[in-house]
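Chain by chain, the residues:
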Amino acid sequence: MRFAVPAVMLLPLSWLYGQPAQESVKEQFAKRAAKLWSLQPVVKPDVPAGVTASTNPIDAFIAADYNAKGLVPAGKADKLTLLRRVYLDLVGLPPTPAEQESFLADNSPNAYEKVVDRLLDDSQHGVRWSRYWLDVERYADLDGLDGSVMPASSGIYLWRDWVIAALNHDMPYDQFVRAQILGNRYRPETVTSASGRRTRAEGGVEDTFALGFLARSAVTRNDKDHDIAFSAVEIISTAFMGMTVGCAKCHDHKFDPILQTDFYSMKALFDPLVLKSVMLATPAAIFENGQKLDEYKRKIAPINAAIEALTGGYQTRLFDERVALLTPDVQAIVRKAERDRTPEEQKIFDDYYPVLRIDADKLKEVMTKEEVTKYNALLKQQSAVAKPAALPSYWTVEEDAARLKEKNYVLTTGDIAKPEKDHPVEPGFPFEPADIDFRDGRREAFVEWLTAPANPLFARVAVNRVWGWHFGEGLQRVTSDFGLLGGRPANPKLLDYLASEFVAHNYSMKWLHKLMVMSDTYRLASKAEPSVMAHNVTADARDTYLWHFRLQRLSAEPIWDAIHYASDDLDLAIGGKSFQLSSADAKQKFFLPKDGTMDDRTNRRGVYIVRGYIPSTDVMNNFLTSFDVDDGRTPCPLRTQTVTAPQALFTMNGDLVQKESEKLADAVLKQSSGDVPAAVTGAYERVLGRKPTPAERDYALTYVGQDPGRVKELAWVLFNLDEFIYVR
């Protein structure tokens with residue numbers, strides 16, 4: 001079979017950009033940068049006049065597009081539809097029946113604005129919106145290889161807690177980003193004393209939790225594969241610059257003005273970083289834990305010795321048999337003492353270790369029946385001796401003085417073992433200004449440029465992300481790619497207006513949220529009249545110009561939260577460790593965090609459900625994967641919204657929905673003092689955010705009859721309606 005390749009794909013990129021072939025690559029890329037829309041200065045446009053009665057500038061820009069495209073906007077959403085929409089949007093929880101009644105009864109002109117202000121001040125707002133930013137920044141409770149899980153896992157939740165607190169306190173966005181890259185949200189980086197001595201200005205201790213953003217990337221304590229630096233380049237560039245710098249890891253970028261040397265110059269900013277463990281315990285707790293550990297070792301030692309005496313011969317035999325199956329060169333590496341292995345050899349050993357490890361089940365297969373009985377008894381004794389829980393600590397990063405002195409090179413195919421000694425690089429970054437000053441530090445200089453109001457990428461990327469999370473799609477549709485392949489914004493003037501005003505309002509994210517959700521555009525109905533629909537679909541079938549509100553499926557966490565919230569079974573506590581939805585089997589326990597590192601409460605908000613990836617075991621529950629939650633290995637700028645059979649099976653057959661349906665029935669019957677019709681109405685209000693229509697009420701009462709026991713069946717039906725998991 002032959003495939004036809006479009007001719008344009010065969011042309012050199014210099015042709016696409018209109019550049020003569022004799023120019024150097026660096027000159028060509030500089031000209032590309034000069035032409036790319038996203039690298040042009042942000043210029044605040046005038047707000048279109050006379051196109052709408054709304055005083056919200058967003059509506060003026062949108063209305064100008066309506067006029068230009070011949071579109072007719074859908075009508076406004078009804079009050080309860082809008083209330084449910086904004087509640088789920090800003091706090092991730094549905095409005096209670098009392099909140100619904102209060103809003104319906106409030107006919108004041110600012111009734112909706114009062115709701116918005118209250119939701120933005122609610123501590124659950126940070127919980128809801130942390131999930132968006134943590135998706136982009138690759139939050140995971142666990143990540144790594146078999147036998148090598150990221151060291152930061154035990155305290156990584158503190159980074160999540162920091163993000164939640166930052167959003168709740170409306171930390172300016174530039175400080176929000178600075179803290180996660182520097183561990184210091186404040187300017188300046190250095191201060192000069194009266195004697196003229198320059199010293200580093202340290203940030204608050206709490207901002208060291210923000211460095212979990214960088215520490216999360218390492219999967220070994222010595223970060224032997226430079227995961228921190230590689231990930232920093234790739235994630236920071238996509239999350240905060242909207243540029244795919246990671247595509248230049250192995251060669252110059254094929255489309256955007258980013259050289260391979262730009263990638264490794266940016267990597268040099270982060271190469272000096274090493275992991276640092278910080279203890280959270282008090283001195284008294286540390287001493288007490290030491291005594292407990294000594295006692296544990298004293299008790300466990302004779303049991304371990306007995307196990308070794310019983311199994312040592314079998315261990316050696318099975319190990320030798322497995323090693324014999326390997327190639328001679330790998331056998332030689334395996335049999336070397338660890339201190340004698342080179343870094344390359346140690347990597348090979350680590351890769352083969354899962355195959356060589358002898359589990360208890362394999363030992364039992366070759367033991368006699370009597371030995372197995374004795375072995376099981378010893379294992380039982382071993383497990384009965386409880387090891388003291390690990391003291392609370394967390395991992396952060398710091399610069400290593402020795403690494404700061406090392407030279408940096410381009411790496412062949414990104415392999416740290418293959419530096420190109422003839423291609424050294426200096427610390428830097430793409431689009432670096434000529435007068436950049438690194439005296440205050442590598443990262444400091446970069447972040448100063450990154451967060452500067454004059455940077456055309458920083459505010460544009462941020463407001464576009466927030467817009468996409470509110471409206472279902474960014475003004476620039478590909479929210480993490482402001483390069484050539486990302487396309488151009490549907491409404492560039494609106495994007496630049498929002499970016500310039502975002503800077504003018506001190507990067508206040510709550511100001512930005514309020515401006516967006518207070519717009520008439522946000523308050524449109526999701527369904528237009530048939531005549532309006534027929535007219536508009538021809539000109540704008542994708543709703544690019546927002547003539548109606550996009551129907552959006554709830555993501556996994558709000559679905560989880562809404563199910564529990566409706567039945568009065570949701571723990572709204574803020575912060576703390578993650579929890580697992582299922583008990584780990586023996587194999588999983590080998591890789592997953594040990595006792596004491598997970599929360600026992602399983603009715604907390606969905607943001608606290610464990611997520612991550614380890615090759616040999618399932619870290620994430622099927623509920624999360626069914627509803628399109630990424631595992632955190634790559635940034636997730638906007639979640640996929642699939643409609644699949646496993647989702648329906650979860651709501652129809654899952655134990656959670658069965659259990660919460662029963663609790664919801666108990667709650668509404670208790671609230672109505674056993675009055676079944678009132679309980680039916682209460683169930684509708686809790687699950688769907690509205691009362692049943694007369695027809696729905698008749699159907700429900702016919703189905704339930706006067707049997708209170710059938711209210712739980714009705715609750716199950718409501719949880720299985722499309723209306724429950726979609727936002728109109």
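Placed above this text is the structure.
These remarks concern the structure in this document. Predicted model only: the values in this text are computed from it and were never measured.

For helix α12 (residues 227-240), which comprises 14 residues, the first-to-last C-alpha distance of 19 Å matches the rise-based estimate of 20 Å (1.5 Å per residue) to within 8%. Burial within α12 is extensive, with twelve of its 14 residues counted as buried. Burial in α12 covers these residues: I228, A229, F230, S231, A232, V233, I235, I236, S237, T238, A239 and F240. Of the residues trailing α12, G242 is marked for its positive phi of about 65°.

For the coordinates displayed, the defined rule picks out 48 salt bridges. Two residues, K659 and E660, come together in a salt bridge whose shortest N-O distance is 3.9 Å. For K659, a relative accessible area of 41% puts it in the partly exposed group. Put simply, E723 and R690 hold a salt bridge, and the shortest N to O gap is 2.7 Å. Of this pair, E723 sits in helix α33 (residues 722-725) while R690 sits in the loop between α30 (676-688) and α31 (694-704), and the two are 33 residues apart along the sequence. Salt bridges sharing partners connect three or more residues here, namely R131, D135, E557, R611 and R639.

This brings us to the packing of aromatic side chains. Scanning the entire structure with this criterion turns up 34 aromatic pairs. Summarising the aromatic geometry, the rings of F471 and Y522 are spaced 5.8 Å apart at their centres and angled 90° between planes, so their arrangement reads as edge-to-face. Separated by 51 residues along the polypeptide, F471 in helix α21 (residues 458-471) and Y522 in the loop between α23 (509-517) and α24 (530-539) bring together distant segments of the chain. Take Y522: its relative accessible area is 0%, and that puts it in the buried class. Measuring from ring centre to ring centre gives 5.3 Å for F719 and F724, while their planes differ by 70°; the resulting arrangement is edge-to-face. Here F719 falls in the buried class, since its relative accessible area comes to 1%. Through a chain of ring-to-ring contacts, the aromatic side chains of W129, Y132, W133, W162, Y173, F176, F458, W469, F502 and Y507 assemble into a single cluster. Above the face of the Y613 ring, R633 is positioned so that its terminal group lies 3.5 Å from the ring centre. Above the ring of Y703, the side-chain terminus of R710 is found at 4.2 Å from the ring centroid.

Conventions and cut-offs
Residues numbered from 1 in each chain as written. Predicted model: local features only at pLDDT ≥ 70, side-chain atom pairs only at ≥ 80, totals over all residues. Heavy atoms only, no water. Helix = DSSP H or I, 4+ residues; strand = E, 2+ residues; numbered from the N terminus. Expected span 1.5 Å × (residues − 1). Buried < 20%, exposed > 50% of the residue type's maximum accessible area, 1.4 Å probe, protein only. Salt bridge = Lys/Arg side-chain N within 4 Å of Asp/Glu carboxyl O. Phe/Tyr/Trp six-rings, centres within 6.5 Å; stacked < 30°, edge-to-face > 60°. Lys NZ or Arg CZ within 6 Å of the ring centre and 35° of its normal.

Geometry only, nothing functional implied.
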